[in-house]
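Close look at the chain arrangement
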Amino acid sequence: MTKIYQWQMVELKKPFELIETEVSEMNPDEALVKVAGCGVCHTDISFWHDGVPTKHEMPLTLGHEIAGEVLKGPSELIGKKVIIPAVLPCGECELCRSGNGNICQNQKMPGNDFHGGFATHIVVPHKYLCIVPDSALERFPLEHLAVIADAVTTPYQVLKKSELKSGDFCICIGAGGVGIYGALLAKIMGAKVLSLDIDDTKLEIAKENGVDMTLNIKDMSVKDVKKKVREIAKELGVSRYMWRILEMSGTKPGQELGYALLTHASTLSIVGFTMAKSEVRLSNLMAFDSKVIGTWGCKPELYDEVMELIASGKLNIAPFVQTFPMSEINEVLKNTLEHKYLKRSVLIPDFDN
Ligand SMILES: [Zn+2]
Ligand SMILES: [Zn+2]
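Only a predicted model underlies this, so the values are computations on that prediction, with no experimental measurement involved.

**Section: the pattern of salt bridges**
Within the structure shown, the criterion is met by 17 salt bridges. Notably, a salt bridge pairs Arg344 with Asp150, separated by 3.8 Å at the nearest N-O pair. In this pair, Arg344 sits in strand S16 (residues 344-348) while Asp150 sits in the loop between helix H3 (134-139) and helix H4 (153-161), placing the two residues 194 residues apart along the sequence. Like Arg344, the residue Asp150 is buried in the burial classification. Asp168 is paired through a salt bridge with Arg244; the nearest N and O atoms lie 3.3 Å apart.

Below, the structure written as C-alpha coordinates:
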(Lines give C-alpha, C1' and ligand atoms only; values in the text may rest on other atoms or scores of the structure.)
(Ligands and ions follow the chains in the order given, each with its own letter.)
Protein backbone atom coordinates (compact mmCIF):
# COMPACT_ATOMS: atom_id res chain seq x y z
CA MET A 1 0.00 0.00 0.00
CA THR A 2 1.21 3.44 -0.88
CA LYS A 3 0.59 6.32 1.49
CA ILE A 4 -0.45 9.46 -0.37
CA TYR A 5 -1.32 13.05 0.47
CA GLN A 6 -3.99 15.12 -1.23
CA TRP A 7 -5.05 18.74 -0.95
CA GLN A 8 -8.85 18.56 -1.04
CA MET A 9 -11.60 21.04 -1.76
CA VAL A 10 -13.98 20.46 1.15
CA GLU A 11 -16.34 23.39 0.74
CA LEU A 12 -16.84 26.18 -1.79
CA LYS A 13 -14.48 29.14 -1.29
CA LYS A 14 -12.99 27.54 1.84
CA PRO A 15 -9.26 26.69 2.17
CA PHE A 16 -8.18 23.31 0.82
CA GLU A 17 -7.38 20.69 3.43
CA LEU A 18 -4.46 18.30 3.50
CA ILE A 19 -5.47 14.69 3.98
CA GLU A 20 -3.49 11.50 4.23
CA THR A 21 -4.84 8.37 2.57
CA GLU A 22 -3.73 5.12 0.98
CA VAL A 23 -3.85 3.54 -2.43
CA SER A 24 -5.00 -0.01 -1.92
CA GLU A 25 -6.52 -1.70 -4.95
CA MET A 26 -6.12 -0.56 -8.52
CA ASN A 27 -8.02 -1.71 -11.61
CA PRO A 28 -6.02 -3.34 -14.45
CA ASP A 29 -6.67 -0.28 -16.64
CA GLU A 30 -5.16 2.09 -14.06
CA ALA A 31 -1.69 3.35 -13.18
CA LEU A 32 -0.29 5.02 -10.08
CA VAL A 33 1.57 8.21 -10.96
CA LYS A 34 3.83 10.12 -8.59
CA VAL A 35 3.02 13.78 -9.26
CA ALA A 36 5.99 15.97 -10.27
CA GLY A 37 3.85 19.07 -10.77
CA CYS A 38 0.25 20.12 -11.31
CA GLY A 39 -0.75 23.37 -13.02
CA VAL A 40 -3.43 25.70 -11.68
CA CYS A 41 -6.14 26.41 -14.25
CA HIS A 42 -9.03 28.85 -14.14
CA THR A 43 -11.31 25.83 -14.32
CA ASP A 44 -10.06 24.90 -10.84
CA ILE A 45 -11.06 28.38 -9.72
CA SER A 46 -14.52 27.92 -11.31
CA PHE A 47 -15.01 24.70 -9.32
CA TRP A 48 -13.70 26.09 -6.05
CA HIS A 49 -15.01 29.63 -6.15
CA ASP A 50 -17.75 30.06 -8.74
CA GLY A 51 -19.76 26.97 -7.87
CA VAL A 52 -19.36 25.20 -11.23
CA PRO A 53 -20.27 21.65 -10.14
CA THR A 54 -17.68 18.89 -10.23
CA LYS A 55 -18.80 15.42 -11.33
CA HIS A 56 -17.31 13.82 -8.20
CA GLU A 57 -18.77 15.21 -5.00
CA MET A 58 -16.73 17.04 -2.38
CA PRO A 59 -14.35 16.46 -0.75
CA LEU A 60 -12.41 16.33 -4.00
CA THR A 61 -8.75 16.79 -4.94
CA LEU A 62 -8.73 19.25 -7.86
CA GLY A 63 -5.99 19.65 -10.51
CA HIS A 64 -6.01 18.40 -14.13
CA GLU A 65 -2.70 19.66 -15.56
CA ILE A 66 -0.39 16.91 -14.38
CA ALA A 67 3.10 15.58 -15.09
CA GLY A 68 4.63 12.73 -13.13
CA GLU A 69 6.28 9.34 -13.05
CA VAL A 70 4.52 5.99 -13.26
CA LEU A 71 5.14 3.89 -10.13
CA LYS A 72 2.62 1.09 -10.67
CA GLY A 73 0.69 -0.20 -13.68
CA PRO A 74 1.59 -2.01 -16.89
CA SER A 75 5.27 -3.02 -16.94
CA GLU A 76 6.02 -1.02 -20.10
CA LEU A 77 4.98 2.19 -18.32
CA ILE A 78 6.76 1.72 -15.00
CA GLY A 79 9.40 4.36 -14.42
CA LYS A 80 8.22 6.41 -17.42
CA LYS A 81 7.76 10.15 -17.11
CA VAL A 82 4.30 11.04 -18.37
CA ILE A 83 1.81 13.81 -19.01
CA ILE A 84 -1.75 12.97 -17.99
CA PRO A 85 -4.12 14.44 -20.61
CA ALA A 86 -6.76 16.65 -18.97
CA VAL A 87 -9.40 14.83 -20.99
CA LEU A 88 -9.25 11.02 -20.89
CA PRO A 89 -11.71 9.57 -23.43
CA CYS A 90 -13.11 6.03 -23.28
CA GLY A 91 -11.71 5.22 -26.73
CA GLU A 92 -14.66 3.04 -27.70
CA CYS A 93 -17.83 5.10 -28.09
CA GLU A 94 -19.22 6.60 -31.28
CA LEU A 95 -17.55 9.99 -30.67
CA CYS A 96 -14.18 8.36 -29.93
CA ARG A 97 -14.35 6.13 -32.99
CA SER A 98 -15.16 9.10 -35.22
CA GLY A 99 -12.08 11.03 -34.08
CA ASN A 100 -13.88 13.24 -31.56
CA GLY A 101 -12.44 11.66 -28.42
CA ASN A 102 -11.96 15.03 -26.77
CA ILE A 103 -15.73 15.33 -26.37
CA CYS A 104 -16.30 11.66 -25.46
CA GLN A 105 -19.31 11.63 -23.16
CA ASN A 106 -17.69 8.90 -21.05
CA GLN A 107 -14.51 10.92 -20.66
CA LYS A 108 -12.78 11.21 -17.32
CA MET A 109 -11.13 14.39 -16.15
CA PRO A 110 -8.72 14.34 -13.19
CA GLY A 111 -9.83 16.73 -10.47
CA ASN A 112 -13.42 16.58 -11.71
CA ASP A 113 -14.52 12.96 -12.20
CA PHE A 114 -11.94 11.60 -9.75
CA HIS A 115 -9.22 12.84 -7.41
CA GLY A 116 -6.78 15.04 -9.32
CA GLY A 117 -3.22 16.27 -9.25
CA PHE A 118 -2.97 18.51 -6.20
CA ALA A 119 -1.48 15.52 -4.42
CA THR A 120 1.65 13.42 -4.07
CA HIS A 121 0.16 10.66 -6.22
CA ILE A 122 -2.77 10.03 -8.50
CA VAL A 123 -4.45 6.88 -9.78
CA VAL A 124 -5.48 7.31 -13.45
CA PRO A 125 -6.61 5.26 -16.44
CA HIS A 126 -3.32 4.53 -18.25
CA LYS A 127 -4.58 4.14 -21.82
CA TYR A 128 -3.77 7.67 -23.00
CA LEU A 129 -0.80 8.64 -20.83
CA CYS A 130 1.64 10.63 -22.96
CA ILE A 131 5.22 9.49 -22.47
CA VAL A 132 7.74 12.32 -22.11
CA PRO A 133 10.87 11.67 -24.19
CA ASP A 134 14.34 12.37 -22.76
CA SER A 135 14.80 15.08 -25.40
CA ALA A 136 12.00 17.11 -23.76
CA LEU A 137 13.43 16.52 -20.29
CA GLU A 138 16.81 17.82 -21.46
CA ARG A 139 15.12 21.16 -22.15
CA PHE A 140 12.62 21.46 -19.32
CA PRO A 141 12.10 19.92 -15.89
CA LEU A 142 9.20 17.45 -15.79
CA GLU A 143 7.09 19.68 -13.52
CA HIS A 144 7.16 22.52 -16.08
CA LEU A 145 5.90 20.14 -18.75
CA ALA A 146 2.65 19.78 -16.77
CA VAL A 147 1.32 22.79 -18.72
CA ILE A 148 1.16 20.57 -21.81
CA ALA A 149 -1.88 18.83 -20.33
CA ASP A 150 -4.12 21.84 -20.89
CA ALA A 151 -2.58 25.27 -21.49
CA VAL A 152 -0.56 24.14 -24.53
CA THR A 153 -2.64 21.34 -26.06
CA THR A 154 -5.99 23.17 -25.93
CA PRO A 155 -4.90 25.99 -28.28
CA TYR A 156 -3.00 23.44 -30.39
CA GLN A 157 -6.18 21.51 -31.14
CA VAL A 158 -8.12 24.67 -31.97
CA LEU A 159 -5.42 25.88 -34.35
CA LYS A 160 -5.66 22.59 -36.21
CA LYS A 161 -9.45 23.01 -36.43
CA SER A 162 -9.24 26.66 -37.47
CA GLU A 163 -7.79 25.76 -40.91
CA LEU A 164 -4.88 28.13 -40.31
CA LYS A 165 -2.33 28.04 -43.12
CA SER A 166 1.17 29.43 -43.37
CA GLY A 167 1.01 33.15 -44.15
CA ASP A 168 -2.46 33.62 -42.61
CA PHE A 169 -3.19 36.45 -40.21
CA CYS A 170 -3.95 35.12 -36.71
CA ILE A 171 -5.51 37.43 -34.13
CA CYS A 172 -5.20 36.17 -30.57
CA ILE A 173 -7.57 37.75 -28.06
CA GLY A 174 -5.98 37.27 -24.63
CA ALA A 175 -2.27 36.77 -23.95
CA GLY A 176 -2.52 34.94 -20.62
CA GLY A 177 -1.71 31.36 -19.63
CA VAL A 178 -3.46 29.81 -22.64
CA GLY A 179 -3.36 32.81 -24.99
CA ILE A 180 0.41 33.03 -25.07
CA TYR A 181 0.73 29.42 -26.24
CA GLY A 182 -2.01 29.96 -28.84
CA ALA A 183 -0.01 32.88 -30.23
CA LEU A 184 3.33 31.04 -30.26
CA LEU A 185 1.83 27.90 -31.79
CA ALA A 186 0.26 30.01 -34.54
CA LYS A 187 3.73 31.48 -35.20
CA ILE A 188 5.20 27.98 -35.45
CA MET A 189 2.48 27.12 -37.99
CA GLY A 190 3.63 30.03 -40.12
CA ALA A 191 1.04 32.68 -39.31
CA LYS A 192 1.61 36.38 -38.75
CA VAL A 193 0.32 36.91 -35.24
CA LEU A 194 -1.27 39.86 -33.48
CA SER A 195 -1.95 39.52 -29.74
CA LEU A 196 -4.62 41.67 -28.12
CA ASP A 197 -4.89 42.11 -24.37
CA ILE A 198 -5.58 44.76 -21.73
CA ASP A 199 -2.34 44.10 -19.82
CA ASP A 200 0.89 45.69 -21.07
CA THR A 201 3.17 43.24 -19.27
CA LYS A 202 1.51 40.21 -20.88
CA LEU A 203 1.79 41.88 -24.27
CA GLU A 204 5.48 42.67 -23.67
CA ILE A 205 6.15 39.02 -22.84
CA ALA A 206 4.33 38.00 -26.05
CA LYS A 207 6.38 40.45 -28.09
CA GLU A 208 9.68 39.34 -26.55
CA ASN A 209 8.86 35.75 -27.45
CA GLY A 210 8.19 36.28 -31.12
CA VAL A 211 4.62 37.51 -31.59
CA ASP A 212 4.69 39.91 -34.58
CA MET A 213 2.50 42.69 -33.18
CA THR A 214 0.65 43.48 -29.98
CA LEU A 215 -2.11 45.92 -29.14
CA ASN A 216 -3.43 47.00 -25.77
CA ILE A 217 -7.19 47.31 -26.31
CA LYS A 218 -8.04 48.65 -22.88
CA ASP A 219 -10.34 51.66 -23.22
CA MET A 220 -10.61 51.20 -27.01
CA SER A 221 -14.01 50.92 -28.69
CA VAL A 222 -14.70 47.89 -30.89
CA LYS A 223 -14.78 50.22 -33.87
CA ASP A 224 -11.34 51.62 -33.06
CA VAL A 225 -9.91 48.14 -32.52
CA LYS A 226 -11.25 47.03 -35.94
CA LYS A 227 -9.70 50.04 -37.62
CA LYS A 228 -6.36 49.50 -35.89
CA VAL A 229 -6.34 45.76 -36.67
CA ARG A 230 -6.91 46.52 -40.38
CA GLU A 231 -3.93 48.90 -40.29
CA ILE A 232 -1.78 46.27 -38.59
CA ALA A 233 -2.81 43.67 -41.21
CA LYS A 234 -1.64 46.07 -43.90
CA GLU A 235 1.60 46.74 -42.09
CA LEU A 236 2.28 43.01 -41.73
CA GLY A 237 1.51 42.47 -45.41
CA VAL A 238 -1.22 39.91 -44.77
CA SER A 239 -4.56 39.49 -46.52
CA ARG A 240 -7.65 41.53 -45.60
CA TYR A 241 -9.53 38.23 -45.67
CA MET A 242 -9.26 34.74 -44.20
CA TRP A 243 -8.40 35.90 -40.70
CA ARG A 244 -8.02 33.24 -38.01
CA ILE A 245 -9.33 34.76 -34.78
CA LEU A 246 -8.81 32.92 -31.48
CA GLU A 247 -10.88 34.07 -28.48
CA MET A 248 -8.83 33.00 -25.47
CA SER A 249 -9.82 35.60 -22.88
CA GLY A 250 -13.02 33.83 -21.83
CA THR A 251 -14.80 37.17 -21.44
CA LYS A 252 -17.91 38.68 -22.99
CA PRO A 253 -16.04 41.73 -24.38
CA GLY A 254 -13.43 39.36 -25.85
CA GLN A 255 -16.07 37.21 -27.53
CA GLU A 256 -17.92 40.23 -28.90
CA LEU A 257 -14.71 41.70 -30.24
CA GLY A 258 -13.80 38.39 -31.87
CA TYR A 259 -17.16 38.30 -33.62
CA ALA A 260 -16.86 41.93 -34.71
CA LEU A 261 -13.44 41.20 -36.26
CA LEU A 262 -14.82 38.51 -38.59
CA THR A 263 -14.20 39.23 -42.22
CA HIS A 264 -14.61 37.21 -45.44
CA ALA A 265 -13.71 33.50 -45.27
CA SER A 266 -12.58 33.87 -41.65
CA THR A 267 -12.90 31.65 -38.61
CA LEU A 268 -13.54 32.68 -35.03
CA SER A 269 -12.54 29.96 -32.58
CA ILE A 270 -14.03 30.07 -29.10
CA VAL A 271 -11.41 28.73 -26.69
CA GLY A 272 -12.12 30.68 -23.49
CA PHE A 273 -15.23 30.08 -21.42
CA THR A 274 -17.71 32.49 -19.86
CA MET A 275 -21.34 32.08 -18.74
CA ALA A 276 -22.15 35.51 -20.20
CA LYS A 277 -24.40 35.75 -23.27
CA SER A 278 -23.77 37.95 -26.30
CA GLU A 279 -26.12 39.36 -28.88
CA VAL A 280 -24.72 39.14 -32.41
CA ARG A 281 -26.00 39.29 -35.97
CA LEU A 282 -25.61 35.71 -37.16
CA SER A 283 -26.25 36.79 -40.74
CA ASN A 284 -22.73 38.23 -40.78
CA LEU A 285 -21.55 34.62 -41.02
CA MET A 286 -23.62 34.19 -44.16
CA ALA A 287 -22.50 37.50 -45.66
CA PHE A 288 -18.83 36.80 -44.94
CA ASP A 289 -19.03 33.07 -45.69
CA SER A 290 -17.29 32.68 -42.32
CA LYS A 291 -17.57 30.38 -39.38
CA VAL A 292 -17.49 30.30 -35.63
CA ILE A 293 -16.09 27.11 -34.17
CA GLY A 294 -15.96 25.69 -30.68
CA THR A 295 -13.34 23.45 -29.18
CA TRP A 296 -13.12 21.36 -26.05
CA GLY A 297 -9.76 20.30 -24.61
CA CYS A 298 -7.50 18.27 -26.85
CA LYS A 299 -7.67 14.69 -28.01
CA PRO A 300 -4.84 12.55 -26.62
CA GLU A 301 -3.78 11.61 -30.18
CA LEU A 302 -2.41 15.14 -30.66
CA TYR A 303 -0.22 15.14 -27.55
CA ASP A 304 2.78 13.57 -29.26
CA GLU A 305 2.79 16.33 -31.90
CA VAL A 306 2.88 18.98 -29.17
CA MET A 307 5.58 17.08 -27.29
CA GLU A 308 7.67 17.02 -30.46
CA LEU A 309 7.42 20.83 -30.79
CA ILE A 310 8.72 21.17 -27.23
CA ALA A 311 11.38 18.47 -27.47
CA SER A 312 12.76 19.97 -30.69
CA GLY A 313 13.01 23.42 -29.12
CA LYS A 314 10.45 25.02 -31.45
CA LEU A 315 8.12 25.89 -28.58
CA ASN A 316 9.56 27.43 -25.43
CA ILE A 317 7.51 27.07 -22.26
CA ALA A 318 9.91 28.26 -19.57
CA PRO A 319 9.15 32.02 -19.66
CA PHE A 320 5.45 31.42 -19.01
CA VAL A 321 5.59 29.02 -16.07
CA GLN A 322 6.26 29.65 -12.39
CA THR A 323 6.41 27.02 -9.65
CA PHE A 324 5.32 27.00 -6.02
CA PRO A 325 5.50 24.39 -3.26
CA MET A 326 2.11 22.65 -3.13
CA SER A 327 1.77 23.57 0.55
CA GLU A 328 1.17 27.14 -0.66
CA ILE A 329 -1.91 26.00 -2.59
CA ASN A 330 -4.38 28.20 -0.72
CA GLU A 331 -2.38 31.34 -1.34
CA VAL A 332 -1.74 30.46 -5.00
CA LEU A 333 -5.43 29.80 -5.68
CA LYS A 334 -6.40 33.07 -4.05
CA ASN A 335 -3.85 34.99 -6.11
CA THR A 336 -5.01 33.20 -9.29
CA LEU A 337 -8.60 34.16 -8.49
CA GLU A 338 -7.50 37.77 -8.10
CA HIS A 339 -5.57 37.63 -11.41
CA LYS A 340 -2.31 38.49 -9.66
CA TYR A 341 -0.09 36.23 -11.78
CA LEU A 342 1.22 36.79 -15.26
CA LYS A 343 2.46 33.21 -15.64
CA ARG A 344 0.87 29.79 -15.33
CA SER A 345 1.43 28.44 -11.81
CA VAL A 346 2.56 24.85 -11.27
CA LEU A 347 2.40 23.36 -7.78
CA ILE A 348 5.11 20.94 -6.76
CA PRO A 349 4.35 18.39 -4.03
CA ASP A 350 6.41 19.15 -0.91
CA PHE A 351 5.35 16.45 1.49
CA ASP A 352 7.67 14.43 3.61
CA ASN A 353 6.74 10.83 2.78
ZN1 LIG B 1 -7.88 23.62 -17.43
ZN1 LIG C 1 -15.62 7.67 -25.88
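**Side note on the coordination of the zinc ion (ligand 1)**
Within the protein, Cys41 (SG), His64 (NE2) and Asp150 (OD) serve as the donor atoms for the zinc ion (ligand 1), at 1.7 to 2.2 Å. As a motif over one chain, the donors of the zinc ion (ligand 1) read C-x22-H-x85-D. Of the two residues, Cys41 sits in the loop between strand S3 (30-39) and helix H1 (42-48) while His64 sits in the loop between strand S4 (60-61) and strand S5 (65-72), which places them 23 residues apart along the sequence. Residue Cys41 is classed as buried on the basis of its relative accessible area, which comes to 8%.

**Quick word on the coordination of the zinc ion (ligand 2)**
Distances from the zinc ion (ligand 2) to its protein donors, namely Cys90 (SG), Cys93 (SG), Cys96 (SG) and Cys104 (SG), fall within the range 2.3 to 2.4 Å. For the zinc ion (ligand 2), the four donor atoms are set out with angles of 104 to 114 degrees between them, so the coordination reads as tetrahedral. Binding-site remark: the zinc ion (ligand 2) is held by donors from one chain whose sequence spacing is C-x2-C-x2-C-x7-C. Residue Cys90 is found in the loop between strand S6 (81-84) and helix H2 (94-97), and its partner Cys104 is found in the loop between H2 and strand S7 (121-125); the two are separated by 14 residues along the sequence. Relative accessible area serves as the criterion here: at 21%, Cys90 is assigned to the partly exposed category. For Cys104, a relative accessible area of 1% puts it in the buried group.

**Notes on helix H5 (residues 179-188)**
Most of H5 is tucked away: eight of the ten residues are buried. Regarding H5, the residues found buried are Gly179, Ile180, Tyr181, Gly182, Ala183, Leu184, Leu185 and Ala186. Where H5 is buried, its residues touch H4, strand S9 (169-173), strand S10 (192-197), helix H6 (200-208), helix H10 (303-311) and strand S15 (321-325). At the exit of H5 stands Gly190, carrying a positive phi of roughly 95 degrees.

**A look at the nonpolar core**
By size, the foremost hydrophobic cluster in this structure holds 48 residues, and its most contacted members are Ile83, Leu145, Cys170, Tyr181 and Ile317. Listing elements by their share of this core, those giving two or more residues are H4, S9, H5, H6 and H10. Discounting chain neighbours no more than four positions away, the residues touching Tyr181 are Val147, Ala151, Val152, Pro155, Asn316, Ile317, Phe320 and Val321. Counting 34 residues, the second-largest nonpolar core is a separate cluster that includes Tyr5, Phe16, Val40 and Leu88.

**As for the layout of surface pockets**
The calculated volume of the second largest pocket comes to roughly 450 Å³. Forming the walls of the second largest pocket are 21 residues, and the residues nearest its centre are Lys226, Arg230, Ala260, Leu261 and Leu262. Contributing elements (two or more residues each) for the lining of the second largest pocket: helix H7 (222-236), helix H8 (252-260) and helix H9 (283-288). In terms of residues, the lining of the second largest pocket owes the most to one element, H7, which gives five residues. The residue inventory of the lining of the second largest pocket, partitioned by class, reads ten nonpolar, three polar and eight charged.

Analysis parameters
Residues numbered from 1 in each chain as written. Chains lettered and ligands numbered in written order. Predicted model: local features only at pLDDT ≥ 70, side-chain atom pairs only at ≥ 80, totals over all residues. Heavy atoms only, no water. Salt bridge = Lys/Arg side-chain N within 4 Å of Asp/Glu carboxyl O. Helix = DSSP H or I, 4+ residues; strand = E, 2+ residues; numbered from the N terminus. Buried < 20%, exposed > 50% of the residue type's maximum accessible area, 1.4 Å probe, protein only. Donors = N, O, S within 2.8 Å, 3.2 Å for Na, K, Ca; no water. Tetrahedral: all angles 85-135°; square planar, octahedral: opposite > 155°, others 65-115°. Contact = heavy atoms within 4.5 Å. Core = buried A, V, L, I, M, F, W, Y, C linked by side-chain atoms within 4.5 Å. 1 Å grid on protein atoms, 1.4 Å probe; cavity = no way out; pocket = protein on both sides within 12 Å on 5 of 7 lines; lining within 4 Å. Points joined across faces, edges and corners; volume = space filled by probe spheres on them. Nonpolar A, V, L, I, M, F, W, Y, C, P; charged D, E, K, R; others polar.

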